[in-house]
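Results of the structural survey
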Amino acid sequence: MATAAPWPGAAVERGRRVELADIVRTHGAAYRQMHVLSRAQGRALRAIEVCRTAELGGHRAVCTACGAERITYNSCRNRHCPKCQRVATERWLTARQRDLLPIPYFHVVFTLPHALNPLAQSHPRLIYRLLFQAAATTLARFGRDPQHLGGDLGVTAILHTWGQSLTQHLHVHCVVTGGALAPDGSRWIPARAGFLFPVRALSTLFRGLFLAGLGRAVARGETHFTGGLADLAEPAAFAAWLARLRAQAWVVYCKPPFAGPTHVLAYLGRYTHRVAIANDRLVALEPGAVRFRWRDYADGNRVKIMTLTADEFLRRFLLHVVPNGFVRIRHFGLLANRTRAAKLARVRALLDQPSPPSAEAPESVRAVMLRVTGRDIDRCPVCVHGRLRCVALLPPARPRAHAPPPPGPGP
């Protein structure tokens, strides 16, 4: 396995917890030289590597009371960086709070069989799109069926691609309204208490919709079977592969309704802007290896420590970098962007609920951090009395040289 010369200053300071950035700075260059990366993967590694370093620039602030100085470097804001999601999450939740209704909400999870993982690695945009479409269409059809509700549901769907050990586990988490708006808008149709739809029937329709969409994509020439999938280029082999997938039971899970709208927001806050692994799960960066905590659901949810080579750790992490521009949080039905305002207003009128207050300007970073953590990032950490005032902007430092990576495929 290739070894990497460490990033200057990449060694973790004694007493400081290891971060994903430390792993990337120590082993990222060697990984780039040994593997072909997509553009999105290359961007993610580079962003995490330079996040909150001099290469992104920053500012120098001085305390108004004691004169202490502090230099703060800019964050990368890449959606795969575990240090850059807090503010985005809080702003997103604030915006979504205006969409909540005083009704039950259900949590439905649609999962793809692991046999589709190799195809997702070579065609992530296609497989993720089909996953969203099949899940949303399944819920919409059941919602519109008069035997169930007979109206339009509201769905927020969130793509996750990982399991606890960083292996591929492709699924979408859906937060679904416990009721539907009648097609003519005349009434709100509530779901039965504690029950939304039968999961076996959901699973059957979901499987059929996904495989039908995949078959159409292959017929249109949207796929290129290479490597371990080369045999699927033969129509007979592809048809047999689809038949094996169709014979499997696909997992759809519907959890009981949330206790209330505030619990919906708490749930969404845990899932919306998550990355494959958070820094607080990392245990140690050792010579050539990474140790991290994971929860073994097959062993009574016990928390265990896994050790991977640095190369394998980065390979697994990069499996979960979504293509450039791909939207991994989507809204359907009542919550679809084009009709959300009008349909939610109609539902509130039917439920005799007041309209939410007008949207305000996004909170500043300081306001978000003060509200969430109770820490004022503008207060001087030395004297604790003065305010930190920016006195100079720091331009980005010259990047360190990298060996050119092999040319990569598109996102």
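So, here's what we can say about the structure. Only a predicted model underlies this, so the values are computations on that prediction, with no experimental measurement involved.

Reading guide: rules and limits
Residues numbered from 1 in each chain as written. Predicted model: local features only at pLDDT ≥ 70, side-chain atom pairs only at ≥ 80, totals over all residues. Heavy atoms only, no water. Phe/Tyr/Trp six-rings, centres within 6.5 Å; stacked < 30°, edge-to-face > 60°. Helix = DSSP H or I, 4+ residues; strand = E, 2+ residues; numbered from the N terminus. Buried < 20%, exposed > 50% of the residue type's maximum accessible area, 1.4 Å probe, protein only. Lys NZ or Arg CZ within 6 Å of the ring centre and 35° of its normal. Pairing = 2+ DSSP bridges. Axes fitted to C-alpha atoms, helices over the stretch in contact; angles between N-to-C directions. Polar contact = N/O pair within 3.5 Å; in protein donor to acceptor, adjacent residues only side chain to side chain. Contact = heavy atoms within 4.5 Å. Salt bridge = Lys/Arg side-chain N within 4 Å of Asp/Glu carboxyl O. Arc of directions from axis to C-beta. Parallel < 35°, antiparallel > 145°, perpendicular 65-115°, else oblique. Left-handed = near helix turned anticlockwise from the far one by under 90°. Nonpolar A, V, L, I, M, F, W, Y, C, P; charged D, E, K, R; others polar.

Considering the packing of aromatic side chains
Enumeration according to the criterion identifies nine aromatic pairs in this entry. Pairing tyrosine 128 with phenylalanine 326 gives two aromatic rings, centres 5.8 Å apart and planes at 65°, and the pair type is edge-to-face. Note that tyrosine 128 is positioned in helix H5 (residues 124-144) and phenylalanine 326 in the loop between helix H9 (310-318) and strand E12 (329-333), a separation of 198 residues in sequence. Here tyrosine 128 and phenylalanine 326 have matching classes, each one buried. Geometrically, the ring pair formed by phenylalanine 225 and phenylalanine 238 is tilted, given 5.9 Å between the ring centres and 35° between the ring planes. Placement of phenylalanine 225 in the loop between helix H6 (199-219) and helix H7 (235-247) and of phenylalanine 238 in helix H7 is noted, with a sequence separation of 13 residues between them. Classification of phenylalanine 225 as buried rests on a relative accessible area of 12%. For phenylalanine 238, a relative accessible area of 9% gives the class buried. Taken together, the ring pairs connect Phe110, Phe206, Phe210 and Trp250 into an aromatic cluster. The ring of phenylalanine 326 carries arginine 330 above its face, with NZ or CZ at 4.6 Å from the centroid.

Here we look at the environment of valine 199
For valine 199, the position within the fold is in helix H6. The exposure class assigned to valine 199 is partly exposed, which follows from its relative accessible area of 32%. Valine 199 sits 181 residues away from valine 18 along the chain, and the two C-alpha atoms are 41 Å apart.

What about unusual backbone geometry?
Despite not being glycine, arginine 77 has its phi angle at roughly 65°, a positive value. By relative accessible area, which is 71% here, arginine 77 ends up exposed. In this model, asparagine 301 sits at a positive phi of 60°, which is unusual for a non-glycine residue. Within the element layout of this structure, asparagine 301 appears in the loop between strand E10 (289-296) and strand E11 (302-309).

Brief notes about the sheet that holds strand E2 (residues 69-73)
Spatially, E2-E1-E13 is the arrangement adopted by the three strands of the open sheet, whose pairing is antiparallel. If you trace the sheet from one side to the other, it starts and ends with E2 and strand E13 (388-394), each paired once. Within this sheet the neighbouring strands show an average axis-to-axis angle of 25°, counted without direction. Alignment of strand E1 (residues 58-63) against E13, held across six bridges, turns out to be antiparallel. For valine 62, the partnering residue across the bridge sits in E13 and is arginine 389.

Comments concerning the side chain of glutamate 19
Tracing the backbone through its elements, the reader meets glutamate 19 in the segment before helix H1 (20-34). Overall, the relative accessible area of 18% leaves glutamate 19 in the buried class. Polar side-chain contacts of glutamate 19 include one of 3.2 Å to the side chain of lysine 83. Contact partners of glutamate 19, with chain neighbours within four places excluded, come to Lys83, Asn279 and Leu282.

A look at the pattern of salt bridges
Throughout the structure, instances matching the rule amount to 21 salt bridges. In this structure, lysine 304 and aspartate 296 form a salt bridge, with 2.8 Å as the shortest nitrogen-oxygen distance. With a relative accessible area of 24%, lysine 304 lands in the partly exposed category. Between aspartate 376 and arginine 387 there is a salt bridge, with the nearest N and O atoms lying 2.7 Å from each other. With aspartate 376 in the loop between helix H11 (365-373) and E13 and arginine 387 in the loop between H11 and E13, this residue pair connects regions lying eleven residues apart in the sequence. For the pair formed by aspartate 376 and arginine 387, the shared burial category is buried. Members of the salt-bridge network, linked through shared partners, are Arg32, Arg46, Glu49 and Glu55.

Remarks on helix H8 (residues 261-271)
Where H8 is concerned, the buried positions are Val264, Leu265, Tyr267, Leu268 and Tyr271. The buried residues of H8 all sit within an arc of 165° when viewed along its axis, so they share a single face. Each element contacted by the buried residues of H8 is listed here: helix H3 (86-97), strand E3 (105-111), strand E4 (154-162) and strand E5 (168-177).

Quick word on the sheet that holds strand E9 (residues 282-286)
Taken together, the three strands give an open sheet; going across it, the order is E9-E10-E11, and neighbouring strands pair in antiparallel fashion. Strands with a single pairing partner mark the edges of an open sheet, and in this sheet they are E9 and E11. Across the sheet, the axes of successive neighbouring strands diverge by a mean angle of 25°, strand direction being ignored. Here E9 pairs with E10 via four bridges, running antiparallel. Residue pairing in the sheet places alanine 284 in a bridge with arginine 291 of E10. Against the sheet, H1 touches E9 and E10, its axis set at about 20° to E9. Helix-sheet contacts for H9 involve E9, E10 and E11, and the interaxial angle to E11 is about 110°.

Digging into the packing of H3 against H8
H8 packs onto H3 with a crossing angle of 150° between their chain directions and a minimal axis gap of 10 Å. Comparing their axes, H8 and H3 come out roughly antiparallel. Handedness of the H3/H8 crossing: right-handed. Residues Thr89, Trp92, Leu93 and Gln97 of H3 pack against Leu265, Leu268 and Gly269 of H8. Residues belonging to the contact of H3 with H8 are distributed by class as follows: four nonpolar, three polar and no charged.

This is a description of form; function is not addressed.
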